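Commentary on secondary and tertiary structure
Take a look at the letters that make up each chain.
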Amino acid sequence: MVAPQDNDRLEVGLQSSQSEERVVPLRLQKFLARAGVASRRGSEDLMTAGRVTVNGVVTTELGAKVDPLVDVVAVDGVPVLVAGAPVYLALHKPSGVVTTMSDPQGRPTVATLVPTDQYPGLFPVGRLDFETTGLLLFTTDGELSHRLLHPRWKVEKSYAVLADGRLDAKDIERLEVGIKLDDGLTAPAKARILDHRATNTLAEITITEGRKRQVRRMFSALSHPVIELHRVRFGPVELGMLGPSSWRHLSADEVTDLRRVTEMGE
Ligand code: URA
């Protein structure tokens, strides 16, 4: 283990497959978060609970630093494996798939659609309902995921919504001002009508919260229940032309933008 220092040492070019700089050594909680073990705060809790060892020694000191290429870090005795840099993927989630890495009920999960063998520790950033389609981010970076979902950073999520009936300007205003749900008033949203069809309406809504079935509940509150829900954007990342059930790596620019909107630096 490396003694705590004031500044991280920058080591450039260690990650041959990435053009990013790698910080070595790095704080143990940061290492755990990047490995996808928990958020940085959660990792600190694991440390102070005495569940983390470095080279076999319980390490509770929050200033402790490790070199991931040299030190063996374990949580509850299980080694944390990091194959180089954190990984960031976008999946086009199809309908009929649960957002979990394993389902006790045996339903199809998103885990079967992303390369978990290649990237152990990959997990979804938040969730989409069983029926919802569209953009679902995956990462091994616990801290970034934590911030993307935390209300403090108000990261925008945009959805295309096919809703029952004919939405009007008043409905849009209610969505934008805030809808009273059983878990409180929703934060101001952006909404617009894209198309009026015979018996339903195609709309777009952008929200900054991530409550359970939030968009469905908002439209139900307007008496225009959702027929289909499709996420097209998460923060700066767009689904684009990615086909259903396909995944892609995020570009370096997309990762930089995600880090910027969550104030994680570049
Ligand atoms: N809002 C919902 O209601 N469902 C989702 O899957 C995502 C947002």
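Basis of the calculations
Residues numbered from 1 in each chain as written. Predicted model: local features only at pLDDT ≥ 70, side-chain atom pairs only at ≥ 80, totals over all residues. Heavy atoms only, no water. Near = heavy atom within 4 Å. Polar contact = N/O pair within 3.5 Å; in protein donor to acceptor, adjacent residues only side chain to side chain. Areas by Shrake-Rupley, 256 points an atom, 1.4 Å probe, with all protein chains shown as cover. Nonpolar A, V, L, I, M, F, W, Y, C, P; charged D, E, K, R; others polar. Buried < 20%, exposed > 50% of the residue type's maximum accessible area, 1.4 Å probe, protein only. Helix = DSSP H or I, 4+ residues; strand = E, 2+ residues; numbered from the N terminus. Pairing = 2+ DSSP bridges. pLDDT = per-residue confidence, 0-100. Contact = heavy atoms within 4.5 Å. Core = buried A, V, L, I, M, F, W, Y, C linked by side-chain atoms within 4.5 Å. Domains from an automatic or database assignment. Phe/Tyr/Trp six-rings, centres within 6.5 Å; stacked < 30°, edge-to-face > 60°. Lys NZ or Arg CZ within 6 Å of the ring centre and 35° of its normal.

1. Brief notes about the site of the ligand
Around the ligand, the neighbouring residues are Leu128, Asp129, Thr132, Tyr159, Arg213, Gln214, Val215, Arg216 and Leu229. Contact distances for the ligand include 2.7 Å between a nitrogen atom and a side-chain N or O atom of Asp129. In the environment of the ligand, an oxygen atom lies 2.9 Å from a nitrogen or oxygen atom belonging to the side chain of Thr132. Look at the ligand: alone it shows 240 Å² of surface, and the protein chains cover 95% of it. Broken down by class, the residue content of the shell around the ligand amounts to four nonpolar, two polar and three charged.

2. Concerning the pairing of strand S11 (residues 133–139)
Along any regular strand the residues' side chains alternate between the sheet's two faces. Of all seven residues in S11, seven are buried, a share of seventy percent or more. Pairing analysis gives six bridges linking strand S9 (residues 88–93) to S11, with the strands arranged antiparallel. Considered in S11, the bridge of Lys93 is made with Gly134. The pairing of strand S10 (residues 123–124) with S11 spans two bridges and is classified as antiparallel. Within the sheet, the bridge partner assigned to Phe123 lies in S11 and is Thr139. Looking at chain direction, S11 and strand S17 (residues 226–234) are connected through two bridges and run parallel. By the bridge assignment, Thr133 is partnered in S17 with His230.

3. Side note on the confidence of the model for the chain
This prediction gives the chain a mean pLDDT of 88; 87% of its residues lie at or above 70. Low pLDDT, under 50, characterises residues 1–21; the predicted model gives this stretch 39 contacts beyond four residues in sequence or across chains.

4. Some points on the environment of Ser43
Looking at the secondary structure, you find Ser43 in helix H2 (residues 40–48). By relative accessible area, Ser43 is classed as buried at 0%. If sequence neighbours within four positions are ignored, Ser43 has contacts with Gln29, Leu32, Ala33 and Ala38.

5. Points about the nonpolar core
Ranked by size, the top nonpolar core spans 30 residues in total, and within it Val161, Leu175, Ile205, Met218 and Phe219 carry the most contacts. Contributions of two or more residues to this core are made by S9, S11, strand S12 (157–164), helix H4 (169–177), strand S16 (200–207), helix H5 (214–221) and S17. Structurally, this core is a two-domain feature, drawing no fewer than three residues from each of domain 2 (88–151 + 236–261) and domain 3 (156–234). Met218 has contacts with Leu175, Ile179, Leu181, Thr186, Ala189, Ile205 and Ile207, leaving out every residue within four places of it along the chain. Judged by nonpolar contacts, the second largest core, of 17 residues, contains Val125, Val155, Val255 and Leu258.

6. Details of the packing of aromatic side chains
For any pair of aromatic rings, geometry is given as the distance between the ring centres together with the angle between the planes. All told, the structure shown has zero aromatic pairs when counted by the stated rule. Over the ring of Phe234 we find Lys157, and its NZ or CZ is 5.7 Å from the ring centre.

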